[in-house]
Amino acid sequence: MKHVVKILSLLVIVSAFWITLLQAAIIPQSHTWLLPIYFVVSLGCYGLLMVGIGIMQFPTCPQEAVLLNHDIAEAKDFLSTNGIDIGTY
């Protein structure tokens, strides 16, 4: 719920800023109407950046890989003792 409140408050702040720029005519009108598009594009770029950073920092777990291989070997032994042919998978 906290994340939704953060997003909605950011949306309200950006909308208020945009309406203020429209009313004050600080920036030319043609540029002001493009601000929401710039915001969406920059938000998309930020999202892609965060996904890229998350992929680069994804942890590898060699201990968990060893445990998983042990569990697989144990399951193969169990299935073969019960007469189930699993082949060479």
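In what follows, the structure referred to is the one given above.
Bear in mind that the values here come from a model prediction, so they are computed numbers and not experimental data. (Residues numbered from 1 in each chain as written. Predicted model: local features only at pLDDT ≥ 70, side-chain atom pairs only at ≥ 80, totals over all residues. Heavy atoms only, no water.)

**Observations concerning the overall build of the protein chain**
Quick note on the threshold: Helix and strand definitions here come from DSSP, where helices need a minimum of 4 consecutive H or I residues and strands a minimum of 2 consecutive E residues; each element is numbered from the N-terminal end. With C-alpha atoms as the basis for the radius of gyration, the globule rule is written as 2.2 Å multiplied by the number of residues raised to the power 0.38. With a 1.4 Å probe rolled over the protein chains alone, any residue whose accessible area is under 20% of its type maximum counts as buried; one over 50% counts as exposed, and the rest are partly exposed.
The helix and strand tally for the protein chain stands at 4 helices and 0 strands. For the protein chain, the N- to C-terminal ordering of α and β elements is α-α-α-α. The C-alpha radius of gyration of the protein chain comes to 27 Å, more than 25% above the 12 Å expected for a compact globule of 89 residues. With the principal axes as the frame, the protein chain shows a C-alpha extent of 80 × 25 × 25 Å. In the protein chain, which comprises 89 residues, the share counted as buried stands at 3%.

**Description of the layout of surface pockets**
Quick note on the threshold: For cavity detection a 1 Å grid was placed over the protein atoms alone, and a set of points counts as a cavity when a 1.4 Å probe fits there but cannot get out; an open set counts as a pocket when protein lies on both sides within 12 Å along at least five of seven lines, with lining residues being those that have an atom within 4 Å of a point. Grid points are joined across faces, edges and corners, and a volume is the space filled by probe spheres set on the points. Note on residue categories: nonpolar means Ala, Val, Leu, Ile, Met, Phe, Trp, Tyr, Cys or Pro, charged means Asp, Glu, Lys or Arg, and polar means any other residue, Gly included.
In this structure, the largest pocket encloses a volume near 240 Å³. His3, Lys6, Ile7, Ser9, Leu10, Leu11, Phe39 and Leu43 are the residues that line the largest pocket. Those elements that place two or more of their residues in the lining of the largest pocket are helix H1 (2-24) and helix H3 (35-56). Considering every element that reaches the lining of the largest pocket, the biggest residue donor is H1, with 6 residues. Each residue belonging to the lining of the largest pocket can be placed in one class, and the counts come to 5 nonpolar, 2 polar and 1 charged. Empty space within the second largest pocket amounts to approximately 160 Å³. As for the second largest pocket, its lining consists of Leu11, Val14, Ser15, Phe17, Trp18, Leu35, Pro36, Phe39 and Val40. Every element with two or more residues in the lining of the second largest pocket is listed here: H1 and H3. With 5 residues, the single largest contributor to the lining of the second largest pocket is H1.

**Some details on a nonpolar patch on the surface**
Put simply, the rule is: For patch detection, residues must exceed 30% relative accessible area and be free of salt bridges, and they are connected within 9 Å for like charges or within 5 Å for nonpolar side chains (Val, Leu, Ile, Met, Phe, Trp, Tyr). Method for areas: the Shrake-Rupley scheme with a 1.4 Å probe, in which residue coverage is limited to the protein chains shown. By convention in these notes, a salt bridge is any Lys or Arg side-chain nitrogen within 4 Å of a carboxyl oxygen on Asp or Glu.
Where nonpolar side chains cluster on the molecular surface, the patch consists of Leu34, Ile37, Tyr38 and Val41 and spans about 380 Å² of accessible area. Here Ile37 lies in helix H3. Ile37 sits in the partly exposed class, given a relative accessible area of 49%.

**Observations concerning H1**
We count it as follows: Here the expected span of a helix is defined as 1.5 Å times the quantity of residues minus one.
Along its 23 residues, H1 runs 33 Å from first to last C-alpha, staying within 8% of the 33 Å computed at 1.5 Å per residue. Positive phi appears at Ala25, one or two residues downstream of H1, with a value of about 60 degrees.

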